[in-house]
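Per-entry structural report
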Amino acid sequence: MSHNRWLSFLLLSTLLIFVSSGCTLLDPPAVVIPTPLPTAPSIQQTLINQQDIVTDPVGSIVPNIDRDLDTLMNAVSQQQLMAYVQTLESFGTRNSFSDTQREDWGVGAARRWIYTEFSRVGETSNGRLQVRFDDFPLNLSGLTSNQQNVIAVLPGTAEANQVIIIMAHYDTRPPDMFDGISRSPGANDNGAGVALLIETARLLSSRQWNQTIIFAALAAEEQGTFGAKNLVQNLMLDNVQVVASINYDGVGGNPGIPQSIRLFAPDLVQSNSGQVARYYDYLARLYMPTFPITIIDAIDREERWGDHREFIFAGMPSMRLTQSVEDPSYINSTRDSWTALDFNYLEKVTKMTVAIVGNMAGAPPRPQPPLIVPMAATGTYLFTWDVHPQAAGYALALRPVDQTTYPRFRFVSAVDAGNVALTGIDVSQDYMVSFAPLDANGRLGLFSLEVTLPRP
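Definitions and cut-offs
Residues numbered from 1 in each chain as written. Predicted model: local features only at pLDDT ≥ 70, side-chain atom pairs only at ≥ 80, totals over all residues. Heavy atoms only, no water. Helix = DSSP H or I, 4+ residues; strand = E, 2+ residues; numbered from the N terminus. Buried < 20%, exposed > 50% of the residue type's maximum accessible area, 1.4 Å probe, protein only. Contact = heavy atoms within 4.5 Å. Salt bridge = Lys/Arg side-chain N within 4 Å of Asp/Glu carboxyl O. Pairing = 2+ DSSP bridges.

**Structural notes on the overall build of the chain**
Scanning the chain for helices and strands turns up 10 helices and 16 strands. Relative to its full complement of 456 residues, the chain shows a buried share of 59%. Contacts spanning at least 24 positions in sequence make up 79% of the contacts within the chain whose residues lie at least 6 apart.

Set out below in C-alpha cells:
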C-alpha cells in the first residue's frame, strides 16, 4: 500500500471512530468573524466520498497572465481617456443643482452624454450591454432636484446571482455644494474615474464573461453619496449578491506624483472588504508589477467620503482607489482641469482595472466556503467542497489571522479537488481559510468567504 493511501486509510479510520463515538468534530470558532457561516456537506456525505480523498496534492494550475486579458489591457486608449475627460469638463459644471435642460452645459447634458457613450461603446457586445437611467429625488436643505445614476449592465453567463460593480461619480461641485451656476470642471474629481469606467466598459463588453459586471456612473456624491445609496437600496430590494464593488475616485494623477495608487478598505484583517482588497493587490502585482498598490486600513481619507461607503454600510465588500498623492488646492476648484492630469497615470490605472475585473468575471464563480474537519494526526485537516465544472484548479489560502496579505497558496488540480487532506499545518497558529477557483488559462476567481480553521 502506498504511503498516501496508507495515510488516507489511517485518517479515515480515526474519523469513523469520532463519528461513532458521538464526539464533536468541529469546535466553535476561536475568532468571531462577521461573515455568513459556510454551507457544507454533512460528515456522512464526506464519508460516502472517502475513496476520493487525496493527501497533500500539488496542483499544476497556478495564477498566470491570461493572454486575452493582456490583449485587452494593451488596447486601453490614452487618447480615448483624454477625450472622455475633456468632454465631461466641457459641460462647465456637473453640480447636482445645475441646469438639466441644456445640451451643452450642466449636469443634465453630462448624464445624457454618459448614457449615449455607454450605448455607443456597448455596440461591440451585440446588445449585451444594457444601459439605463436610475432616477431618484435629492432633497437637501430645502432644495429638491431629480437625480439620475447611469447604469450599464453586462450580464454574465453563469447561473450564480453574483455581480461585480465598478463605480465612479460624475457630479462636481465648487466650494459651495449648492452652487449650480459657477464653473466646476471636475477633471480629476471625478471625470477621470468616469473615463476609466467608460473605457473599461468598451473593452470588457467585447467579450462574454461568467460573472455579471455593473458599470455605475453615480450622481450626487458631492452632497453625501446619495447616488450610491440609491443603487445599494435597489440591489438589496432585488436580492442581488455583490461579491465585489470598486470605487474609482480621483485616479487621474498629476505629473510628478509617485507611480503607485492607494487602496482604502476598512478592517483589513477580518472584513469582506479587506479580503477583496488582498485579492486586488495580489492580481495587481501579477499584471502590473511596476505600478504598486498601497493598502490603507481605513474606509477613506480622514474626514472625506466616497460612494463605496454606502456598500460597506450595507455589508457589501467595497473599496476605494485614489491616486498616490493629492494636492488639496485642486479639490473643488477651477484648477481641476484636464490640463493638470497625467494621462499616462490614468492609462495604467485603467489597464489594472481591465486585468483584475477580467479575472473576477472570467474565472469560475466564487465558491462557498469548504467544510473543514480536523483529523487525529497533528496538523492534518480534511477540506471538502463542491468542484465547479469550469474550474481547472484551486488556490487554497491559510492566512494567519493578523496578516493583511495572502501567504503562499496551496494549489490543487481539479481532478484532485473536492476531498483533500492537508498535513503539516501549524496548529499553534490561528488561520483564516478561503479558496478560489482557477481556469485553464490561469485566471483567478474571487475567494470564498473566510472561515476560521478549527482547532483539533
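So much for the structure itself; the text now carries on.
**Examining unusual backbone geometry**
Trans peptide bonds make up the majority, and among non-glycine residues the majority have a negative phi. The omega torsion of the bond from Asp189 to Asn190 falls at 10°, within 30 degrees of zero and hence cis. When you line up the elements, Asn190 lands in helix H6 (residues 187-204). Its identity as a non-glycine residue notwithstanding, Asp56 has a phi of 45°, on the positive side. Within the fold, Asp56 resides in the loop between strand E1 (54-55) and helix H3 (67-74).

**With respect to the pattern of salt bridges**
If you walk through the whole model with that rule in mind, you get 19 salt bridges. The residue Arg309 makes a salt bridge to Glu310 at a minimum N-O spacing of 3.6 Å. Between Asp430 and Arg455 there is a salt bridge whose closest N-O contact spans 2.8 Å. Taken as a pair, Asp430 in the loop between strand E14 (419-422) and strand E15 (431-438) and Arg455 in the segment after strand E16 (451-452) lie far apart in primary sequence, 25 residues in all. Given the relative accessible area of 23%, Asp430 is considered partly exposed. Salt bridges sharing common partners tie together Asp249, Arg262, Asp300, Arg301, Arg320 and Glu326.

**Notes on the sheet that holds E1**
Strand pairing in a sheet relies on backbone hydrogen bonds. The paired strands run either parallel or antiparallel. The four strands are arranged E1-E14-E11-E10 in an open sheet whose pairing can be described as mixed. Looking at which strands have only one partner, the edges of the open sheet turn out to be E1 and strand E10 (371-374). Summarising the sheet, strand E11 (residues 381-384) and E14 pair through four bridges and their orientation is antiparallel. Bridge assignment links Phe383 to a residue of E14, and that residue is Val420.

Keep in mind these values describe shape, not function.
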